[in-house]
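Descriptive structure summary
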Amino acid sequence: MANSKLLLAFSLHLVLALFVFDLANAQGLKLEFYKKSCPSAEYIIKKTTKDFISRAPTLAAPLLRMHFHDCFVRGCDGSVLLNSTSSNQAEKDAIPNQTLRGYQVIDAAKAALEKACPGVVSCADIVALVARDAVLEINGPFWSVPTGRRDGRVSIASEALTNLPAPFFNITQLIASFASKGLSVKDLVVLSGGHTIGIGHCTSFTNRLYNFTGRGDTDPSMDQNYIANLKNRCKPGDTTTFVQMDPGSSQKFDSSYYTVVGKRRGLFQSDAALLDDSTTRAYVQLSSNPSGSSTFLNDFEESMVKMGNIGVLTGSSGEIRKQCSRIN
Ligand code: HEM
């Protein structure tokens, strides 16, 4: 009797282990993928990121954004890093990516990795790990990053335009954009919280200040005092000035983005739109009070792992680039 119980427990464990293994396989990525092939990989990436962010903390935001822009176009395959060629305009040169920064961090990490273990660590994994380490370096949340992504060989500027959500999207368009990548309405409102750090250029929101419906009007969904404030910063046609998305807290990874959105001071229409759906609105309200802060940080970790899984290339698909800005 005791023996058969033991056998049953053992079989259940085996089934569970196989199930977990299958799940890891189904997603294609696993934690510590480079443990044997390049044991120092994650340390090298962390150290490189730390070196840069300690000198230039404002780079954390564009590096987080780079991971998002990589994953939404052809999956997290490092396609955002490829340079244009004489016959192809790459994602990097599409309008939404022209304000990305921090490629030097990726290149420095790749150079160090190629010295330690040539041809092993993908640029796509570097982007994912650098984004995590950069956020952690400014005291933001930590999320685990399963690795094993491989690099794509294709990067097309027009695909960035069709796949990345635009700052003027309404809630229906935002939900559809995220759903097309397998992300939920909750992921949308949680990942939008990435706007707790960083800046936005005037060009991304001046239509809300000066010409919302083509009749020289302002966006009625934005706090009028904030509009006046932004008009002082951004004159019509200004393409170089930028403002903090979470004013006064744009270097701190906290939940105050939701307080800003709740006060109708979200910088983009896409931020403001989170008040137009009952699920996202409830989340904004919950997270704008201090007790919602830890929930947001936990949710962010979970949604980032999901985002990092979008359309990954694994196994023998794609390649491991030698240089992140060009295919082998
Ligand atoms: C929901 C749809 C989204 C839209 C429409 C959107 C749009 C934008 C725009 C227009 C900017 C300003 C770029 C500039 O003018 O320099 C920006 C900045 C930023 N976005 Fe998003 N974004 C979205 C989602 C996300 C997500 C999911 C993340 C990451 C989890 C993210 C992270 C960031 C960060 C960190 C910045 C600041 C970049 C910097 O300081 O240079 N965004 N976003």
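What you see is a predicted model; the values in this text were computed from it and never measured. (Residues numbered from 1 in each chain as written. Predicted model: local features only at pLDDT ≥ 70, side-chain atom pairs only at ≥ 80, totals over all residues. Heavy atoms only, no water.)

Moving on: the coordination of the iron atom of the ligand. Protein coordination of the iron atom of the ligand is limited to a single donor, His195 (NE2), positioned at 2.1 Å. If you trace the backbone, His195 turns up in the loop between α8 (185-191) and β1 (199-201). (Donors = N, O, S within 2.8 Å, 3.2 Å for Na, K, Ca; no water. Helix = DSSP H or I, 4+ residues; strand = E, 2+ residues; numbered from the N terminus.)

All right, on to the nonpolar core then. Counting residues in hydrophobic clusters, the biggest one holds 69 residues, and the most contacted among them are Leu63, Met66, Leu81, Ile106, Ile126 and Phe300. The greatest single-element share of this core, amounting to 8 residues, is contributed by helix α5 (residues 123-137). The contacts of Ile126, once residues within four sequence positions are left out, are Ile45, Ile106, Ala109, Lys110, Leu113, Val121 and Cys324. Among the nonpolar cores identified, the runner-up in size contains 12 residues, and Cys202, Phe205, Cys234 and Met245 belong to it. (Core = buried A, V, L, I, M, F, W, Y, C linked by side-chain atoms within 4.5 Å. Buried < 20%, exposed > 50% of the residue type's maximum accessible area, 1.4 Å probe, protein only. Contact = heavy atoms within 4.5 Å.)

UniProt annotation of "active site" (unreviewed entry) refers to His69 when read in the numbering used here. Here His69 lies in helix α3 (residues 60-71). Its relative accessible area of 4% is what places His69 among the buried residues. With residues near it in sequence (within four places) discarded, His69 still touches Glu91, Pro96, Asn97, Leu100 and Leu164. (UniProt positions renumbered as here; feature names shortened; annotations may be inferred.)

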